Each structure stands twice: as C-alpha cells, then as structure tokens.
2 protein chains.
Amino acid sequence: MAATISTAKRRQLGRPVSIVGAGLSRFGAFRDMTTRDLFVEAFQDLIDHMDQGIDVEDIECGYIGNYSSDLFEGQGHTAPILADWLGMTPTPITRIENACASSGSALREGIMAIASGMYDVVLVGGVEKMTDLPTEGVTDVLASAADGLYEVPAGLTFPGIYGALAKAHMDRYETSLAHLAKVGIKNHTNGALNPKAQFNTTLLDMMERRKARAEQQGQPVPDWRDEMDFLNDPRANPWIAWPLRLYDCAPITDGASCVLLVSSEIANNFTDKPVHVVGTGQASGRPLHDAEELTSLSAAREAAAQAYAMAGVTPRDIQVAEVHDCFTIAEIIATEDLGFFEPGEGPRAVDEGRTALTGDRPINTSGGLKAKGHPVGASGVAQVIETFHQLRGEAGPRQVPNTNLELGLTHNVGGTGGTCVVNILRRG
Amino acid sequence: MAATISTAKRRQLGRPVSIVGAGLSRFGAFRDMTTRDLFVEAFQDLIDHMDQGIDVEDIECGYIGNYSSDLFEGQGHTAPILADWLGMTPTPITRIENACASSGSALREGIMAIASGMYDVVLVGGVEKMTDLPTEGVTDVLASAADGLYEVPAGLTFPGIYGALAKAHMDRYETSLAHLAKVGIKNHTNGALNPKAQFNTTLLDMMERRKARAEQQGQPVPDWRDEMDFLNDPRANPWIAWPLRLYDCAPITDGASCVLLVSSEIANNFTDKPVHVVGTGQASGRPLHDAEELTSLSAAREAAAQAYAMAGVTPRDIQVAEVHDCFTIAEIIATEDLGFFEPGEGPRAVDEGRTALTGDRPINTSGGLKAKGHPVGASGVAQVIETFHQLRGEAGPRQVPNTNLELGLTHNVGGTGGTCVVNILRRG
C-alpha cells in the first residue's frame, strides 16, 4: 500500500470546493415511484435542510449519476428531464455513467466544474429506479456492467463474480464464512440507526420477528439463539453464489441522493459548517477476466493513492469511511485496498470490532450498501452524504463517538473495479 | 437573438484549453464491428495524425460520449472497457450521456477537467454502434431520448417529432419542402468530398446510379433530370413523417470520434497548429410537450448565448459551423437559433446558397449528420473534428475558400433540445 501511495502524482484543484447541503430520498422498493419522483424527493430533502436556504435559480450546473434508466425504465436522456422536474431548466445538466460508481464520478465532475472557474454552485446527484424489473431482470441489467464480450456469455453475474473474489480471499488468507457474516451483522446494526435505510433493523430483530411469525402461524419455531445461528441456517440465509449467501448481498433498491457543491470562498454564504473536498481520485481497472489478482481491486488502490496524495494524508489519518460493500467480501477487500488494514488483515479487523461504530475505524456507519440499500447510481453520493453528516456531527444515534472527527473517506466501485472513485472530506 | 446573448453571464475558464489532435473512424454500417472496435479505429487515427506524436501513458483522463451501448449492445459501463482496449488502464475514464449531445457534453467535461488544474492532457471521444438492431429497434432506442412518460406512449418517434417542427416552421414562415430538400442536396454535395462520410456521394450521382441500374435491369428508366426531380419522386424518396421524406433524415450509423485536449500552455509541445476553445455553452430544455414554441429550440439559443458571451464574439464573427442536422429542418432551425439568420430567414439563406461551401456562411462542410452519418454519441466530437480541420486549413477538397479563417462553431443537440451544447473554436 505504501508503495502505491508514493507513486501517485499529487494533483491539485485550481480552487477549493466545499459541500454545503445534502438530500436523500428514502431507500427501498417503491413500486409507484419513477426515477424522477425519487430524485425530486432527494432534492426536496436537500432544499429543506439547507442551513441558509437556496434558490433553485442559483444552481448553475448539474450532474446526475445513473447507471441505466435506459435498461431499467426504457428512459434515456434522463438528466434534462430531472432538470425540468426540479424547475431548473435551462441550467446545464449532464448524466454521468460509470456503473455503480456513477455518482462517485458525477461528484468529481461537479468538483472540477467549480475548480475550473466556470461555476460557483453545482448540484450533484445520483438516482436509480430498479424494482420495476423482476430480480432476474435486475441481475441481467447489473451483469451488463461486466464485459459483455468475455464475461457475461460465460455466465458471470455479479453475485458469481464477487463469490469468486470471496473464494480467492478465503484461499489466500484465513478468511471464513463467519467473517463475511460479521460484516453483514455490523452493517445491519448501523442500518437500524438510519431512518432512511432500506433495512432499518438489526439482524437480531429480523431473527426475532421470524421466530415470532413462526410461532403465530403454529410452525416449528427455529432454535436460533443469535445472528450467527440465523445466518448459518440455509432456510433463513440461502446460498446465492458460494461462498456468498443472501445476507452477504446488498439488496435491490430504489433511491436518490444529492449534494450541493460550492466554491469554498462562498461556502459560508450557505452554512457555518461546510465540509471541504480535500482529496479525490478515480481510476479504471481492466475487466475481471484480465485482472492480475482477485483479492484486491487495482483501481481502488490507484484511486486511493491519488486521493491520499492530493489530500496530503495517509490511511491512518482517516477517521470514518463509507466503502462499497455491494457484497460483504467487498467491504473486507475495500478496507485492505484503502490501506486501513494490511492485505489479509481485513477479516481480523471485523472480528475485533475495529470497523464497528464504536471501533477505532468505523466503516459504513450508514448501514452501507448492505443495509442502507444500493440504488446503484445513487450510492456514490449517498456515501458522501453520510460522511458529510458524520463530519458535521449530525448523524444522530449513529454518530461516531470520536469528538475530534475531521477526516472522512468514501470509496465507490463500478462493476468489478472497472471504475473506482475515492474522495476525502474534511470538516470545515 | 441579440436579447438572448446579452442575458448570458460571461463565464471564464481558470486556464485556457486547446485541441491538438483528432481521430475519426470510418462512418457507416459495419456489421462485424463493436463499440470497442470503432473507438480503437478512431483512437488509432488520432495517434497516426498527432503532429509531434503522443504516448498513451501521457493521457491523464478520458471522457466518452455514448448514448446507449446499454440498449444497442447490452453493454453498460463502457468507458473502462474502452480504456482497456486502448491500453490506458488505470487512467480515469467516464462515460457522459446526453442523448445525441453526449460527446458535446463530454467535450465540456474534458475542457473543465483541464481548466480545473487537475489534468493537462485529456482524451475526449464519442462512439455509437447502432446497426446491430433492425431499423424499428433503432427508432425505439432513439425514441427513449424523448419523454417516456408523456411523449413515447403518445406514439412520438424522432422523425415524427421533427416532422412536427418542420410543419410548425412551414406554417409560421414561408418554408417549403424544396427548402428542406436543398439542405439535403447541399450536405450530400459536401459529404461527397469527405472520404470518411457514410454517404460519400452527391445526390446527383445517386440519382444517376439509380437510373443506370434501372436501365441494366431492363426496368423503366425514371426521367429524373436533377436532384429535385429525384427527391420529389416518392419511389426514390418516400415519406417518413410528413413533411419529412427519407432524404430529410440522417442515416443510422456506426462510428467513433476523439480529440486530444491539452492545457494551452503546453499546446506547442504537441503541434504548431493548435486550435483553442474560446467559448462553450450548454443548456437544458424542457421536453417537447412542454416547449413554448416549435420553430426554435430554447436550449440552443441559451447555449449559443453562453458560448458567444464567453468568447466575446457575435454570430456575425463565426466563419464556419457544424450544426446538428439530424433532419434537414433541424439545420434550418439551428442556423436561426445560432443567430446566423433571423427567425424564418434560414430557408432563404439555403435558397441563396449562403450556407454552401462557397457561401458566406458555410454550414456542415463535413456533410453534416445527414451525409457524413450520425453515430449519435460520436457526433458532437465529430463536429469539433471537422471544425478543427477547417481552422487548420487541412479539410482538403472541402476546405472553405476563406483564407482568413479564424473562428468556427459547433452546435450539438440531444433529443428535441433537452440538451444543447455550443462550442466556439479559434485558430491558434
């Protein structure tokens, strides 16, 4: 990790950029809502929570991360339709697509648009409406983010791909099924503290509810004593793609997210508590069939190196992070790729509770993609929103205990590491 | 027009940006080529024509305009796959989507990425592989760039939509079918001088070939004397969506385009003849069902106003332009929206030959989308490439006669004006 960090060129923005507002829709399955409804809900949430208010007319430019309204809804050219629904026309607005890292990349475009001198106030959002299709259809749409020439025809789907990564990690290190399960338990514990989360409940509560339902229905009541019993039972937690089970996978989610970026010099016009973007990195990776190894994503290491170099910090300095846990194994690999733990040490860190809300390195305090939900195009900005709230000390019951919180990080992956975006944020 | 120009805020880039190289694939129907093959061909063309050469490793960032590899090929997350095929991994690369203005918007992201200080050397391209689907399928994919909630269910397709614009223009002004036909004749005349064009032939030649074929086959030989006879004959030029006929519509095209952008301060390391980006504008427009009028696109007027304000020039100063002639009526409307001619005067300008290669305001010297072809995601950058070549005096047989060529403009529309991007380029 240290070697990778030292090789990244230190890039700098022409002028600094800050985040001054954030809005999130509810995350879940909302059969009666479209992409535009979801985005309007997120935007309204942003408007409602701007410390000093904002006029829609003051927004000069917009970026929308969206993976595939084309395939999910049959709607292309989504960005100007959203501008219309927000009352933002004729403000320029552009859709950014990098699979599940779409809004991570959108944030970077917003950052550079301000740093370029062209704009002072930019809206960056993400949205995905996924639940119109049946689960198999969603799996196919997501699989189209892999390589359609070599991977999809071979039968690879995302659970299958991440199953292969998990198997490789288990083979190379002392990673067990229990380690994977513990990531899920932790993230559901955090999600239970997040009112916007799709799974706003602990796995223990879910287990108790399942037991109570069985009892009500006169069925045999399972003798689960704790979450591990629950997760080890294939009736409760069936295999999806070995070694991944149902509760190792992020759900299918409808949702939207947005943040307001401004030039730092005017940030105090909007809030007394801006959050500054101090580092940003993005890298591409070769498709999985060409990847050099399966226990790490090269694009994540490279994007992290860029972000650390730009911020002038090391992994040790990061106090809270949202990482791309589309599957439980993905969180473990992320914490290693980001340099939080040595390669192969990620599982032990989970075991020791170091990544819990009360640990020394809280990861996915929002519940992560796993429990908060994963509307793919919205996830990158949703991670930034959680970090924004943590750094401002307004994360409520899931606020990390560290009272000197200054630096947070987000890690957003597209596909199997075809794209990775890492951002580092500092409390203003 | 003057009023619109005066209302645009004058925006400026933190540092100037120049174009130092360009590459174009052949445009046409290539059944055996994929998106990646097409883009590699365009990139190889760029590499082959860099005045001082370029190492792929020196490219720091990439943007790809693409409307819907999702719907056309079932491939999402296209950008990092292209990076892999170009040998550019781990360089960050991002797909930009704004329907047929996708690479126009991509160019702006490249411009701002450099102006932001983050990067000095950026590749911006566009690509679309359209011909895998049957024509009806392509029509459906393109229709998804309209509003899927209100327009598509009402049966609107793009020929239908532009037919409505044509009818409105005919009702309001003295626009005739002959005016529309003359736009096509002019653009095919230009396309005949462009070896990369899908229709590298004049309509007169097409007509003569049709006559010769009829004669060979012992069929009755039509008595067409000129292109107008040919275009007036529904056997040669059937109605598509009244008042538009076949030769009023841009074809379905496979193709790719790319340019190399650099910070102007290092432009001379790459070429003695850089072309500078002096103005850029982008605006969103409401969907057609909400448009205030049908004889003009509000986003085009707004984007033009922004670009003129930034460049500090007026429509009169523009000496050559590539405009978005997805249908012949679209070119006429574009020349009015850009302020080249007063509203309603566009048809007369065509009549008088003012927009021909030898006229005082040459439009679509490349053949335009009409004859050069319209691989939708590639068209915005392809327009920039034609302007780059004109300003450098290297457009060969289609070089405009003006020997003091300094300023060129590109006008790229997404959907029915949901997005418009206007760029102004100056010879270095």
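As the structure is a prediction and not an experimental result, all values here were calculated from the model. Sequence order as written defines residue numbering, which begins from 1 separately in each chain. Chain letters and ligand numbers both follow the written order, the letters beginning at A and the numbers at 1. Owing to the predicted nature of the model, reporting of local features is limited to residues with pLDDT of at least 70; listing and counting of side-chain atom pairs is limited to 80 or more, with chain, interface and lining totals taken over all residues. Note that water and hydrogens are dropped before the side-chain values are worked out from all heavy atoms of the structure.

Another point: the packing of aromatic side chains. Each aromatic pair joins two rings of Phe, Tyr and Trp (for Trp, the six-membered one) with centres within 6.5 Å, and gets the label stacked for planes under 30 degrees apart, edge-to-face for over 60, and tilted for any other angle. Tallied over the full model, the rule gives ten aromatic pairs over all chains. Measuring from ring centre to ring centre gives 4.9 Å for A:Y162 and A:F327, while their planes differ by 25°; the resulting arrangement is stacked. Of this pair, A:Y162 sits in helix α7 (residues 158-172) while A:F327 is found in the loop between β9 (320-322) and α12 (328-337), placing the two residues 165 residues apart along the sequence. Residue A:Y162 shares its accessibility class with A:F327, and that shared class is buried. Through a chain of ring-to-ring contacts, the aromatic side chains of A:F158, A:Y162 and A:F327 assemble into a single cluster. Any Lys NZ or Arg CZ found within 6 Å of a ring centre and within 35 degrees of that ring's normal is scored as a charge over the ring. Across the ring face of A:W239, the terminal group of A:R245 is positioned such that the distance to the ring centre comes to 4.2 Å. The positively charged end of B:R26 is found above the aromatic ring belonging to B:F30, 4.7 Å away from the centroid. Each helix is a run of H or I in the DSSP string that is no shorter than four residues. Each strand is a run of E no shorter than two, and both are numbered from the N terminus. A 1.4 Å probe rolled over the protein chains alone gives each residue an accessible area, and that area as a share of the maximum for its type sets the label: buried under 20%, exposed over 50%, partly exposed in between.

If you look at the interface, chain A gives 66 residues, while chain B gives 66 residues. Summed over both sides, the interface of chain A with chain B buries roughly 4,800 Å², with 49% coming from carbon and sulfur. Looking at the side of chain A facing chain B, the largest losses of area belong to A:H77, A:M118 and A:S284, adding up to 15% of the total buried there. A carboxyl oxygen of Asp or Glu within 4 Å of a side-chain nitrogen of Lys or Arg is what we treat as a salt bridge. Along the contact surface separating chain A from chain B lie ten salt bridges. Contact between two residues is taken to exist if any of their heavy atoms lie within 4.5 Å; hydrogens are not considered. Summed over both partners, buried area is the accessible surface (1.4 Å probe) that two parts give up on being assembled.

Placing chain A over chain B gives an RMSD of 0.0 Å and needs a rotation angle of 180°, together with 0.0 Å of translation along the axis. When the rotation and shift are considered jointly, the pair of chain copies conforms to a two-fold rotation axis. If distances are taken from each C-alpha of chain A to the rotation axis, the shortest is found for A:S116, at 1.8 Å. A shared interface surface links the copies, since 100% of the contact residues of chain A are contact residues in chain B too. Here the copies were fitted onto each other by least squares, based on C-alpha atoms from residues at pLDDT of at least 70 in both.

Glancing now at helix α5 (residues 102-115) of chain A. Here α5(A) contains 14 residues, and its C-alpha end-to-end distance of 20 Å stays within 8% of the 20 Å for a straight helix at 1.5 Å per residue. Two residues or fewer past α5(A), A:G117 is found with a positive phi of approximately 90°. Here the expected length of a helix is defined as 1.5 Å per residue gap, with one fewer gap than residues.

Below, the discussion takes up the pairing of strand β1 (residues 17-24) of chain B. Residue and element names in this part refer to chain B. When you tally the buried positions in β1, you get eight out of eight residues, the bulk of the element. Here seven bridges tie β1 to strand β7 (residues 255-263), and the two strands are oriented antiparallel to one another. In the strand pairing of β7, G23 is matched with C258. In this analysis, strands are considered paired if DSSP registers two or more bridges between them. Strand direction decides the pairing type here: β1 and strand β8 (residues 275-284), joined by three bridges, are antiparallel. Each bridged residue has a counterpart across the sheet, and for V17 the counterpart in β8 is V277.

Here we take up a nonpolar patch on the surface. The patches reported here contain residues having more than 30% relative accessible area and no salt bridge. Joining distances are 9 Å for like charges and 5 Å for nonpolar side chains (Val, Leu, Ile, Met, Phe, Trp, Tyr). Working definition of accessibility: Shrake-Rupley area with a 1.4 Å probe, residue cover restricted to the visible protein chains. There is a patch of nonpolar side chains on the surface, built from A:W85, B:L149 and B:Y150 and spanning about 290 Å² of accessible area. For A:W85, the position within the fold is in helix α4 (residues 78-86).

Moving on: the confidence of the model for chain A. Confidence scores labelled pLDDT are given residue by residue by the predictor and lie between 0 and 100. Taken residue by residue, chain A gives an average pLDDT of 96. The fraction at 70 or more is 98%. Overall fold confidence for the complex sits at a pTM of 0.97, while the interface term, ipTM, reaches 0.96.

This paragraph deals with the pattern of salt bridges. According to the stated counting rule, one finds 58 salt bridges over all chains in the structure shown. Between B:E345 and B:R348 there is a salt bridge whose closest N-O contact spans 2.4 Å. The partly exposed category is assigned to B:R348, whose relative accessible area is 46%. Note that B:R427 and B:E406 form a salt bridge whose closest N and O atoms lie 3.9 Å from each other. Taken together, the residues B:R427 in strand β11 (residues 419-427) and B:E406 in the loop between α15 (379-391) and β10 (407-414) connect sequence positions 21 residues apart. Linked through salt bridges whose partners overlap, the residues forming this network are A:D51, A:K273, A:R392 and A:E394.

On to the environment of B:A256. Residue and element names in this part refer to chain B. Positionally, A256 belongs in strand β7. The exposure class of A256 is buried, given its relative accessible area of 0%. In sequence terms A256 and V376 are 120 residues apart; their C-alpha atoms lie 9.4 Å from each other. Residues in contact with A256, not counting those within four places in the same chain, are G23, L24, S25, F27, L38, F39, A42, G126, V127 and A378.

Residue and element names in this part refer to chain A. With respect to the helices and strands, the residue S296 is situated in the loop between β8 (275-284) and α11 (298-311). Judged by its relative accessible area of 11%, S296 is buried. Any pair of nitrogen or oxygen atoms within 3.5 Å is treated as a polar contact; in protein, a donor-acceptor pairing is required on top of that, and neighbouring residues in sequence qualify only through side-chain atoms on both sides. Within the structure, S296 has its side chain in polar contact with the side chain of D337 (distance 2.6 Å). Excluding residues within four positions of it along the chain, S296 makes contact with R301, I333 and D337.

Attention now goes to unusual backbone geometry. A:P90 follows A:T89 through a cis peptide bond whose omega is 10°. As for its position among the elements, A:P90 is in the loop between α4 and β3 (93-97). Residues B:W242 and B:P243 are joined by a peptide bond in cis, for which omega reads 0°. Positionally, B:P243 belongs in the loop between β5 (239-241) and β6 (244-245). Residue A:A99 is not a glycine yet carries a positive backbone phi of 55°. Inspection of the secondary structure assignment puts A:A99 in the loop between β3 and α5. Residue A:A99 is classed as buried on the basis of its relative accessible area of 0%.

Residue and element names in this part refer to chain A. In what follows, a disulfide is any cysteine sulfur pair within 2.5 Å. Applying the stated rule across the entire model yields zero disulfides over all chains. Between C326, a cysteine without a disulfide, and C100, which holds the nearest cysteine sulfur, the sulfur-to-sulfur distance is 6.8 Å. With no disulfide partner, C420 has as its closest neighbouring cysteine sulfur the one in C326, 11 Å distant. Its relative accessible area of 1% is what places C420 among the buried residues.

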